[in-house]
Amino acid sequence: MTLLLKPISRVFLFQTHFQNPRAVASFSSLSVSCSSSYEAQKMVREFNPKIPIEQAITPPSSWYTDPSFYAFELDRVFYRGWQAVGYTEQIKEPHAFFSGRLGNVEFVVCRDDDGKIAAFHNVCRHHASLLVSGSGKKSCFTCPYHGWTYGLNGALRKATRISGIQDFIVNEFGLIPINIATWGPFVLLNMDKEILPKDNFDTDSLASEWLGSCSEILNLNGFDSPLTYVCRREYIIECNWKVFCDNYLDGGYHVPYAHKGLASGLTLDSYTTSIFEKVSIQSVDGGSKETEDDRLGSKALYAFIYPNFMINRYGPWMDTNLVIPLGPRKCLVVFDYFLEASLKDDKAFIERSLVDSERVQMEDITLCEGVQRGIESPAYCSGRYAPTVEKAMHHFHCLLYDNLII
């Protein structure tokens, strides 16, 4: 027996899931145990954000190595608030979708026939199989395990071979929705179970929550301007996700030592850092007219959006770095490259720029993996900040503390 079912609304799916005791899925798996939370809290308190940067020590090595701390920060940092997960070009056309994973959350983002975007937990409600992988186009989501089929609005459309089933309420078995919004070209998800799903989020309030008072600065510097998507590069790095963020946030401290090619195209003495609520922006001038790099241009801006998203605007380019935790000592870093439309057909320039960028990424990977091994050494517990250049890093650690402390 196969049931053909009528579509239902996403809000009704959410309400039945959380209000009806028959609901199968639960967000309780996103929470950590009391004992793990207690141990993590002891580690959190080893950092004191109230101490001025000139006197402060960095977070202890346990923040970068301990499995219980990692589980705790997934729950407190990544399963709350807006998280960048992709870009609108990936779901530009009806039926387009892309999937991903953040911590233990498997998600799918899609666009339906009417052009509306939606996001759901990418888990079949029958026996928990993942529904899709990667990206592409589908008019519906059919489970590869037993053929249960869901519409792009999350409604269960077909449940195969369930003759004889009892106490089965169709409306309780749609896909579990996730709040979704966009800012500029970026797709954001909010997995906080306390927030009811909405079809639309006000752009201004979203920008205020995600970016704080610097949203207008980012607008003026072209961070949300229409650019041509070029390509994606992905790197699995053997380090805690925060090691990569720390490296990004050191105010160019490491650039003359580790990135000599990049340093030659920048005026490093011009580095400045501006701190906002959940964002820090580092800026640096390009080289002289004689040495100016046509890839870097006259000025580069590096915006870090807490907790794990970076937007870099330089010359005609914009690239984004999304750092996805994969474990206490492993992360995936996703680079997406965008370019001004006037240069989208200049293949030689694009290839040369990507080669230069790849060189910098490989240099950073070597640094980050070396730092992770050093953090795991018994010789290291905590370090110090260079006050004039590492303000953004200190800000990042204080934001983490605020999220983690109970």
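Residues numbered from 1 in each chain as written. Predicted model: local features only at pLDDT ≥ 70, side-chain atom pairs only at ≥ 80, totals over all residues. Heavy atoms only, no water.

*Asks:* What exactly am I supposed to notice about the overall build of the protein here?
*Replies:* Of the regular secondary structure elements, the protein holds 10 helices and 18 strands. For the protein, the residues scored as buried account for 53% of the 406 residues in total. Accessible surface, the protein: about 18400 Å² in total, of which carbon and sulfur atoms supply 51%. (Helix = DSSP H or I, 4+ residues; strand = E, 2+ residues; numbered from the N terminus. Buried < 20%, exposed > 50% of the residue type's maximum accessible area, 1.4 Å probe, protein only. Areas by Shrake-Rupley, 256 points an atom, 1.4 Å probe, with all protein chains shown as cover.)

*Asks:* Please explain the environment of Thr 388 as it appears in this structure.
*Replies:* Among the secondary structure elements, Thr 388 is positioned in the loop between α9 (347-375) and α10 (391-404). A residue is classified by how much of its surface remains accessible, and Thr 388, at 66% relative accessible area, is exposed. Placed 115 residues apart in sequence, Thr 388 and Thr 273 show a C-alpha to C-alpha distance of 9.3 Å.

*Asks:* Teacher, can you tell me more about the nonpolar core here?
*Replies:* Note on soluble globular proteins: their nonpolar side chains tend to be buried together. In this structure, Val 109, Trp 183, Leu 189, Trp 210 and Ile 237 are the most contacted members of the largest nonpolar core, which totals 104 residues. Within the second largest apolar cluster, 19 residues are counted, among which are Cys 110, Cys 124, Tyr 150 and Ala 159. (Core = buried A, V, L, I, M, F, W, Y, C linked by side-chain atoms within 4.5 Å.)

*Asks:* Looking at this structure, how should I read the confidence of the model for the protein?
*Replies:* Caution applies to low-pLDDT regions: their predicted coordinates should not be interpreted in detail. Scored by pLDDT, the protein has a mean of 89; 90% of the residues are at 70 or more. Segment residues 1-30 is flagged for pLDDT under 50; beyond a separation of four residues in sequence, or across chains, it makes 77 contacts in the model. (pLDDT = per-residue confidence, 0-100. Contact = heavy atoms within 4.5 Å.)

*Asks:* What should I look at first to understand the sheet that holds strand β11 (residues 186-190) in this one?
*Replies:* To summarise the sheet geometry, strands pair through backbone hydrogen bonds and adopt either a parallel or an antiparallel arrangement. Within the open sheet, the 7 strands sit side by side as β2-β11-β10-β5-β4-β3-β6. Their pairing is antiparallel. In the strand order of this sheet, the two ends are held by β2 (82-87) and β6 (135-137), each with one partner. Here the average twist between neighbouring strands, direction ignored, is 30 degrees. In the packing of helix α4 (residues 203-211) onto the sheet, contacts are made with β2, β10 (177-183) and β11, and the angle to β10 comes to roughly 95 degrees. (Pairing = 2+ DSSP bridges. Axes fitted to C-alpha atoms, helices over the stretch in contact; angles between N-to-C directions.)

*Asks:* What's the story with helix α3 (residues 67-78) in this structure? I'm lost.
*Replies:* Since the α-helix packs 3.6 residues into each turn, any two residues three or four apart lie on the same face. Compared with an ideal rise of 1.5 Å per residue, which puts 12 residues at 16 Å, α3 spans 16 Å between its outermost C-alpha atoms and is within 8% of the ideal. A large share of α3 lies buried, amounting to 10 of its 12 residues. Considered for burial, the residues of α3 that qualify are Ser 68, Phe 69, Tyr 70, Phe 72, Glu 73, Leu 74, Asp 75, Arg 76, Val 77 and Phe 78. Against α2 (34-44), β2, β3 (96-102), α6 (241-248), β17 (317-327) and α10 lie the buried residues of α3. (Expected span 1.5 Å × (residues − 1).)

*Asks:* How do you make sense of the packing of α6 against α10 when you look at a structure like this?
*Replies:* The geometry of α6 relative to α10 is characterised by a closest axis approach of 8 Å and an angle of 145 degrees between their N-to-C directions. Here Trp 241, Lys 242, Cys 245 and Asp 246 of α6 lie close against α10, whose contacting residues are Met 393, Phe 396, His 397 and Leu 400. Looking at the contact of α6 with α10 residue by residue, the class counts come to 5 nonpolar, 1 polar and 2 charged. (Nonpolar A, V, L, I, M, F, W, Y, C, P; charged D, E, K, R; others polar.)

*Asks:* So what exactly am I meant to see when it comes to the packing of aromatic side chains here?
*Replies:* The description of an aromatic ring pair rests on the distance of the ring centres and on the angle between the ring planes. If you walk through the whole model with that rule in mind, you get 25 aromatic pairs. For the pair Trp 148 and Phe 173, a centre-to-centre distance of 6.4 Å together with 65 degrees between the ring planes defines the contact as edge-to-face. Placement of the pair is Trp 148 in the loop between β7 (141-142) and β8 (149-150) and Phe 173 in the loop between β9 (156-159) and β10, with a sequence separation of 25 residues. Classification of Trp 148 as buried rests on a relative accessible area of 3%. Relative accessible area serves as the criterion here: at 11%, Phe 173 is assigned to the buried category. Following the ring pairs from residue to residue traces out a cluster consisting of Phe 78, Trp 241, Tyr 248, Tyr 302, Phe 304, Tyr 306 and Phe 396. Directly above the aromatic system of Phe 173 lies the positively charged group of Arg 125, at a separation of 5.3 Å from the ring centroid. (Phe/Tyr/Trp six-rings, centres within 6.5 Å; stacked < 30°, edge-to-face > 60°. Lys NZ or Arg CZ within 6 Å of the ring centre and 35° of its normal.)

*Asks:* I would appreciate a short explanation of the environment of Gly 222 in the present structure.
*Replies:* Mapped onto the secondary structure, Gly 222 falls in the loop between α5 (215-220) and β12 (228-237). Spatially, the C-alpha atoms of Gly 222 and Gly 184 are 9.8 Å apart, while their sequence positions differ by 38 residues. Apart from the residues within four sequence positions on either side, Gly 222 is in contact with Arg 313 and Met 318.

*Asks:* Can you walk me through unusual backbone geometry in this structure?
*Replies:* Note on backbone geometry: most residues besides glycine have negative phi, and most peptide bonds are trans. The peptide bond linking Tyr 306 to Pro 307 adopts the cis configuration, its omega dihedral lying at 5 degrees. By the element assignment, Pro 307 lies in the loop between β15 (299-305) and β16 (309-314). Despite not being glycine, Ala 128 shows a phi value in the positive range, around 75 degrees. For Ala 128, the location among the structural elements is in the loop between β5 (117-121) and β6. Of note in the backbone geometry, Asp 167 takes a positive phi value of approximately 55 degrees without being a glycine. Among the structural elements, Asp 167 can be located in the loop between β9 and β10.

*Asks:* Any chance you could explain empty space enclosed by the protein here in plain terms?
*Replies:* With a probe scaled to a water molecule rolled over the atoms, the places where space remains empty come into view. For the structure on display, the rule yields 3 cavities of 30 Å³ or more. One number sums up the size of the largest cavity: a volume of about 390 Å³. Looking at the largest cavity, it is lined by 23 residues, and the ones nearest its centre are Tyr 248, Leu 262, Tyr 302, Val 360 and Asp 364. The dominant element in the lining of the largest cavity, judged by the number of residues it contributes, is α9, at 4 residues. Tallied by class, the residues present in the lining of the largest cavity amount to 10 nonpolar, 9 polar and 4 charged. (1 Å grid on protein atoms, 1.4 Å probe; cavity = no way out; pocket = protein on both sides within 12 Å on 5 of 7 lines; lining within 4 Å. Points joined across faces, edges and corners; volume = space filled by probe spheres on them.)

*Asks:* Explain the packing of α6 against α9 to me, please; I cannot follow it from the model alone.
*Replies:* To characterise two packed helices, one gives the angle between the axes of the helices and the distance between these axes. Contact pair α6 / α9: the axes reach a minimum separation of 10 Å and the direction vectors enclose 125 degrees. Classified by the interaxial angle, the pair formed by α6 and α9 is oblique. Where α6 crosses over α9, the handedness of that crossing is right-handed. Contact residues: α6 offers Val 243, Phe 244 and Asn 247, while α9 offers Asp 364, Leu 367, Cys 368, Val 371, Gln 372 and Ile 375. Within the contact of α6 with α9, the residues separate by chemical class into 6 nonpolar, 2 polar and 1 charged. (Parallel < 35°, antiparallel > 145°, perpendicular 65-115°, else oblique. Left-handed = near helix turned anticlockwise from the far one by under 90°.)

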